[in-house]
Amino acid sequence: MDLNKIDRATLKEVIKEIIAEDATLLKEVVKELLVENQIIVADEQDTRRKKIEQLINEDFDKYDDVFKALA
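Now for a look at the structure at hand.

What counts, and where the lines are drawn
Residues numbered from 1 in each chain as written. Predicted model: local features only at pLDDT ≥ 70, side-chain atom pairs only at ≥ 80, totals over all residues. Heavy atoms only, no water. Helix = DSSP H or I, 4+ residues; strand = E, 2+ residues; numbered from the N terminus. Buried < 20%, exposed > 50% of the residue type's maximum accessible area, 1.4 Å probe, protein only. Areas by Shrake-Rupley, 256 points an atom, 1.4 Å probe, with all protein chains shown as cover. Lys, Arg positive; Asp, Glu negative; His and termini not counted. Charge placed at Lys NZ, Arg CZ, Asp CG, Glu CD. Patch = residues over 30% accessible without salt bridge, like charges linked within 9 Å, V, L, I, M, F, W, Y side chains within 5 Å. Salt bridge = Lys/Arg side-chain N within 4 Å of Asp/Glu carboxyl O.

## Considering the overall build of the protein chain
Here is step 1 of the chain: From N to C terminus, the protein chain includes four helices and zero strands.
Here is step 2 of the chain: Seen in sequence order, the protein chain has helices and strands lined up from the N terminus as α-α-α-α.
Here is step 3 of the chain: Seen through its C-alpha atoms, the protein chain measures out along the principal axes to roughly 70 × 25 × 15 Å.
Here is step 4 of the chain: A buried classification covers 1% of the 71 residues belonging to the protein chain.
Here is step 5 of the chain: Summed over all atoms, the accessible surface of the protein chain reaches about 6900 Å², with 56% contributed by carbon and sulfur.
Here is step 6 of the chain: Each charge class in the protein chain was averaged separately, 12 positive and 18 negative side chains, and the resulting centres sit 2 Å apart.

## Section: a nonpolar patch on the surface
Here is step 1 of the chain: On the surface, Ile52, Ile56, Phe60, Tyr63, Val66, Phe67 and Leu70 cluster together into a nonpolar patch covering about 670 Å² of accessible area.
Here is step 2 of the chain: Looking at the nonpolar patch, the elements with two or more residues in it are α3 (43–62) and α4 (64–70).
Here is step 3 of the chain: Along the chain, Val66 falls in helix α4.
Here is step 4 of the chain: What makes Val66 partly exposed here is its relative accessible area of 43%.

Below is the structure:
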């Protein structure tokens, strides 16, 4: 879509009407844009990252004495 060819005021009004009909649409669009631009990660990636962090933390807890001795 070429925004230069569309009247910005008309575009804003159309977007406002769409959002007024379904307010959750704005949240979904913003989230999708953030994921696409890698500003935030998708839910699946976030879940995977949390699992990996938990495994790392468990290893650090398990070998805490070894790490302290090496330091």
